[in-house]
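Listed here are the chains, written in short residue letters.
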Amino acid sequence: MKKVTPLLFVLLLSSPAFSQSLKTLVPGKPEENGLSVERLSRIDQTLNEYVSKGYIPGAVALIVRNGKIVYEKSFGYSDVESKSTLKNDNIFRIASQGKAITGLAVMMLWEEGKFSLDEPISKYIPEFKNPSVLVWFNEKDSSYSAQPAKGEITIRQLLTHTSGISYAAIGTKEFNAIYAKAGVPSGIGISSTSAVLADKMKILGQLPLKHNPGEQWTYGLNNDVLGYLVEILSGLSFDDFLRQRIFKPLGMNDTYFYIPKEKHSRLVTLYENKNDKLTKATLVYDHVSPNYPNLAAKYFSGGAGLSSTVEDYAKFLQLFLNKGEFNGVRLLSRKTVELMLTSQLHAPITNQVGLGFGLETTDNDYQSPFSIGSFSWGGAFSTTYWADPKEKLIGLIFTNIYSNTHGELAEKYKALVYQAIVD
């Protein structure tokens, strides 16, 4: 084998072919990227305290600045009973963090001219034609009456949760019951190998809305509808589209709807925290097995179905900080990223959201240390992320708790990250 000289190695590192194949974030020293090592140790102190008090089983925390990983540590256990040490590459159920990934998939197809944002979704999914709005509901048998909606649901409304579609299992009691009776799931923990997204979304299209499209913000199954739209427009299953068009190009090699067998052991155990006592979760949302990521089902929920690692999700966020490009791979144009990170809603709707993310704007900037223009969200099992374009900063903290009584940790972590900035 020919020996590689130091000069040749440097040339290889700088070559386009090598940078195209490089699919990882680059480590960097905190002090060279404007963060204090001493102040970062406060994160260690806080997370160790939460583990030692039994508030959380464990956590993985990651900070990226200037495209470099300046802090990545794991604390506690992936499984408390067996004392399995939590590792940086453990896989977590990220639930609603998949919504932004769905937004990326949709906007990639928008760039290809497949649709316009303000077109009705019924143009592509006819079952959503002539929507209706819930008027009356009978708790005894989940029967209801509805009246015609004032307009059609648009793709933009799906991206901003203003369509009027509610959530299964975690929505209002009326819609929990209506969706359950119709067999429409939340997207988390589908164990049936026969259930597919297309069938359930066609049923959803014929059910009533909570309100007229565009009139309010309602967190709902919008991203599941969008996942089915991706299938229609691309000719691929939603899983295949994400794998081929997003995950492989970005090097997100540990992000799945259903984890392959050889990686099952890396999935963290899911816990509940009740009265400051950790117990293994047996069911979530009353009927779903926490082991759902290790099943072999085929239901690809665009709103809640994915599992991932902190590094994989950081790559996804870095794509947006880089204006649509990551390690030589461009998935979006700069202008599309700018559109996605522009607030889409106006009075009387006060939610600050873009096309896939929650946003920091002049209206809500007083609430957090985020810079205006930052984008963020989280997941039902205590995972949190944000990216701050002004500070060129990404923050993630993944824990593994359902029904978490110490959700304040996410806010503390944000403060701990920003107080470490010293440049």
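Analysis parameters
Residues numbered from 1 in each chain as written. Predicted model: local features only at pLDDT ≥ 70, side-chain atom pairs only at ≥ 80, totals over all residues. Heavy atoms only, no water. Helix = DSSP H or I, 4+ residues; strand = E, 2+ residues; numbered from the N terminus. Rg over C-alpha atoms; globule rule 2.2 N^0.38 Å. Buried < 20%, exposed > 50% of the residue type's maximum accessible area, 1.4 Å probe, protein only. Contact = heavy atoms within 4.5 Å. Areas by Shrake-Rupley, 256 points an atom, 1.4 Å probe, with all protein chains shown as cover. Lys, Arg positive; Asp, Glu negative; His and termini not counted. Charge placed at Lys NZ, Arg CZ, Asp CG, Glu CD. Expected span 1.5 Å × (residues − 1). Pairing = 2+ DSSP bridges. Salt bridge = Lys/Arg side-chain N within 4 Å of Asp/Glu carboxyl O.

Visitor: Pulling in residues and values, what's your account of the overall build of the protein?
Guide: In terms of regular secondary structure, the protein is built from twelve helices and 17 strands. Computed over the C-alpha atoms, the radius of gyration of the protein is 22 Å, within 12% of the 22 Å expected from 2.2 N^0.38 for a compact globule of 423 residues. In terms of principal-axis extent, the alpha carbons of the protein reach across some 70 × 50 × 50 Å. Counting over 423 residues, the protein shows a buried share of 57%. Contacts in the protein between residues at least 24 apart in sequence constitute 69% of all its contacts with a sequence separation of at least 6. Roughly 18,000 Å² of accessible area belongs to the protein as shown, and the carbon and sulfur atoms make up 52% of that amount. Distance from the positive charge centre (44 side chains) to the negative charge centre (41 side chains) of the protein: 4 Å.

Visitor: Let's hear about helix α10 (residues 310–321): which residues, and what values?
Guide: Between its first and last C-alpha, α10 extends 16 Å over twelve residues, near the 16 Å set by a 1.5 Å rise per residue. Among the twelve residues of α10, eleven are classified as buried, and the element is accordingly described as predominantly covered. For α10, the complete set of buried residues consists of Val310, Asp312, Tyr313, Ala314, Lys315, Phe316, Leu317, Gln318, Leu319, Phe320 and Leu321. Looking one or two residues past α10, Lys323 carries a phi angle of roughly 65°, positive in sign.

Visitor: With reference to specific residues and values, describe the sheet that holds strand β8 (residues 271–274).
Guide: Pairing within the open sheet is mixed, and its three strands lie in the order β9-β8-β17. Where the open sheet ends on each side, the last strands, each with one partner, are β9 (277–280) and β17 (401–402). As paired elements, β8 and β17 share two bridges and run parallel to each other. Paired with Tyr271 across the bridge in β17 is Ile401.

Visitor: Describe the environment of Ala195, with residues and values.
Guide: For Ala195, the location among the structural elements is in the loop between α6 (173–182) and α7 (197–204). A residue is classified by how much of its surface remains accessible, and Ala195, at 13% relative accessible area, is buried. Residues Ala195 and Phe316, spaced 121 residues apart in sequence, show a C-alpha to C-alpha distance of 28 Å. Among residues more than four places away in sequence, those in contact with Ala195 are Ile190, Lys298 and Tyr299.

Visitor: Now, about helix α8 (residues 222–234): what can you tell me, with residues and values included?
Guide: Over its 13 residues, α8 extends 18 Å from the first C-alpha to the last, a length consistent with the 18 Å expected when each residue adds 1.5 Å. Burial analysis of α8 places eleven of its 13 residues in the buried class, which makes it a mostly covered element. Within the span of α8, buried status applies to Asn222, Asn223, Asp224, Val225, Leu226, Gly227, Tyr228, Leu229, Val230, Glu231 and Leu233. Elements that come into contact with the buried residues of α8 comprise α4 (98–111), α5 (155–159), α7 and α9 (238–250). Once α8 finishes, Gly235 follows within two positions and takes phi at roughly 75°, a positive value.

Visitor: Report on the pattern of salt bridges, specifying residues and quantitative values.
Guide: A side chain of one charge can pair with a side chain of the opposite charge when the charged atoms of the two come close. Evaluated as defined, the whole model comprises 19 salt bridges. Note that Lys53 is salt-bridged to Glu49, the shortest N-O span being 2.8 Å. Note on Lys53: relative accessible area 44%, which makes it partly exposed. Between Asp118 and Arg156 there is a salt bridge, and its shortest N-O distance comes to 2.8 Å. Of the two residues, Asp118 sits in the loop between α4 and β6 (132–137) while Arg156 sits in helix α5, which places them 38 residues apart along the sequence. Overall, Arg156 belongs to the partly exposed group, its relative accessible area being 24%.

Visitor: Go over the environment of Ala304, please, and point to the residues and values.
Guide: Note that Ala304 resides in the loop between β9 and β10 (307–308). The buried category is assigned to Ala304, whose relative accessible area is 3%. Between the C-alpha atom of Ala304 and that of Ser96, which follows or precedes it by 208 residues, the distance is 4.7 Å. Those residues in contact with Ala304 that sit more than four places away from it in its chain are Ala95, Ser96, Tyr167, Ser186, Gly187, Ile188 and Tyr292.

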